[in-house]
Amino acid sequence: MRLKPEQLSQHLQQGLKPIYLISGDEPLISQEINDALRAAARQQGFDEREVHHVDHQYDWGHLLESANALSLFAERKLIELRIDSGKPGDKGSKALISLFDHPNPDNLYIILLPRIDKAIQNSKWFKTLEKVGVFIAHWPIERHQLPHWIQQRMAVHGMKADGQALNLLADRTDGNLLAAAQEVEKLRIAGESQITLETVENSVGDVSRYDVFALSESALKGDAARSLHMLTVLQGEGLNALQPLAILGNDVRLLLSYKQLCEAGIPPEKALQQLKVHWPKKQSQIKAAASRLNLDNIQQCLQVCQQGDLASKGMSSDDPWRLLSSLILKLCAVRPLHFT
């Protein structure tokens, strides 16, 4: 079964399926879908929750043991799988098929993946899941779609905005759904229900938006000193670490795709065209970063992004701002000093 994110609320009124797969590259949307599923699960007695972070060293036997073990704390259990690579591999595929062929009614599975391609959707494990579960894919919100997205989000809270207000709010949070969501929440808390151009001008600043994007630009250029200074300023302003992590993470994934295409023999300009990087300034930033970093370096950056995402959501004890500093140093190809 396939659902669009906007169909989820109505679907949940009819009960839960045993398995949900969330796929997409926008962290905020994935998290909100997951939050809705978890809330519905709690209402239906899934009081215990386990989170499994799947990497190339993950032992799939742990998942099978957990799925078949009786819970010590609750009759029903929510099992969350986060597969950042998007591919479970041969062992993982077999484990998932064995679970999904005859799902335990006392278990609810939520699987979070980045955007998956047709090859994965044609795999045996995915088809097995789709027979008994739900696939929810979401796509990046393009710039021209952002005003409508903001309007829909406001409508949920009984808020209305005119076209000029929506366009200005979209412009000042361009490309960053988390920032847009935070601004809508700020207006809601302030008791604003009729949002005008003047309301947005008085309430929403663009400093954080431009600083976050400038931070990413500086890191891609390799300017470590400036990037770390900007990061310190952003942290001092009380910015949520998820915001720079989202922007930097998107650029790291873009850089990885570009590097892979170039190493596969595709000319740089064609690779950028294929990745829909048309802005000359962005093109030069990606080229600069790719010239000083190899694939292993970029993969390490991606791992730090993933660690930072977990830390910023309270899912690890690490400091997300420390991880952001480490990410910037890696992007700038600077080795941190170690003192003994």
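### Concerning the packing of aromatic side chains
The full count for this structure, using the stated rule, is four aromatic pairs. Consider the rings of Trp-125 and Phe-126, whose centres lie 6.1 Å apart with planes at 80°: the pair is edge-to-face. By the burial criterion, Trp-125 is buried, and Phe-126 matches it. Taking the centre distance of 5.0 Å and the plane angle of 85° together, the rings of Phe-126 and Phe-135 count as edge-to-face. For Phe-135, a relative accessible area of 4% corresponds to the buried category. Chaining the aromatic ring pairs together yields one cluster made of Trp-125, Phe-126 and Phe-135.

### Remarks on the pairing of strand β5 (residues 107–113)
Look at any regular strand and the pattern is simple: side chains alternate between the two faces of the sheet. The element β5 is largely enclosed, with a buried count of seven among its seven residues. In β5, alternate side chains face the same way, and those of Asn-107, Tyr-109, Ile-111 and Leu-113 on one face and Leu-108, Ile-110 and Leu-112 on the other are all buried. The pairing of strand β2 (residues 19–23) with β5 spans five bridges and is classified as parallel. Bridge assignment links Ser-23 to a residue of β5, and that residue is Leu-113. Inspection of the sheet shows strand β4 (residues 76–83) paired to β5 by six bridges, in the parallel sense. Bridge pairing links Arg-82 to Leu-112 in β5. For the crossover from β4 across helix α4 (residues 89–101) to β5, the handedness is right-handed.

### Some thoughts on the state of the cysteines
Counted according to the given criterion, the structure contains zero disulfides. Left without a disulfide partner, Cys-305 is nearest to the cysteine sulfur of Cys-301, which lies 7.0 Å away. For Cys-305, a relative accessible area of 8% puts it in the buried group.

### Concerning the pattern of salt bridges
Overall, the coordinates contain 13 salt bridges when judged by the stated rule. For the salt bridge of Glu-185 with Arg-188, the shortest nitrogen-to-oxygen distance reads 2.6 Å. Taken as a pair, Glu-185 and Arg-188 lie in helix α9 (residues 177–189) at a separation of three residues, close to a single helical turn. Under the relative-accessibility criterion, Glu-185 is labelled partly exposed at 28%. Here Lys-282 makes a salt bridge to Asp-251, at a shortest N to O gap of 2.7 Å. Here Lys-282 is found in helix α15 (residues 280–292), whereas its partner Asp-251 is found in helix α13 (residues 242–263), with 31 residues between them in sequence. Here the two residues Lys-282 and Asp-251 agree in accessibility, since each one is buried. The network of salt bridges with shared partners includes Arg-49, Glu-80 and Arg-82.

### Considerations on α4
Helix length check: α4, at 13 residues, gives a terminal C-alpha distance of 18 Å against a target of 18 Å (1.5 Å per residue), a fit within 8%. For α4, the set of buried residues is Gly-92, Ser-93, Ala-95, Leu-96, Ile-97, Leu-99 and Phe-100. Those residues of α4 that are buried are in contact with β2, α3 (60–68), β4, β5 and α6 (124–132).

### Describing the sheet that holds β2
Pairing is parallel across the open sheet formed by six strands, whose spatial order is β1-β6-β2-β5-β4-β3. Looking at the sheet topology across the chains shown, the edges are occupied by β1 (2–3) and β3 (46–54). Two strands pair when backbone bridges link them, and β2 and strand β6 (residues 134–137) are joined in this way by four bridges, in the parallel orientation. The partner of Ile-22 across the bridge, within β6, is Ile-136. Where helix α2 (residues 27–43) meets the sheet, its contacts fall on β2, β3, β4, β5 and β6, and the angle it forms with β5 comes to roughly 175°.

Calculation notes
- Residues numbered from 1 in each chain as written.
- Predicted model: local features only at pLDDT ≥ 70, side-chain atom pairs only at ≥ 80, totals over all residues.
- Heavy atoms only, no water.
- Phe/Tyr/Trp six-rings, centres within 6.5 Å; stacked < 30°, edge-to-face > 60°.
- Buried < 20%, exposed > 50% of the residue type's maximum accessible area, 1.4 Å probe, protein only.
- Helix = DSSP H or I, 4+ residues; strand = E, 2+ residues; numbered from the N terminus.
- Pairing = 2+ DSSP bridges.
- Right-handed = clockwise from strand over helix to strand, strands pointing away.
- Disulfide = S-S within 2.5 Å.
- Salt bridge = Lys/Arg side-chain N within 4 Å of Asp/Glu carboxyl O.
- Expected span 1.5 Å × (residues − 1).
- Contact = heavy atoms within 4.5 Å.
- Axes fitted to C-alpha atoms, helices over the stretch in contact; angles between N-to-C directions.

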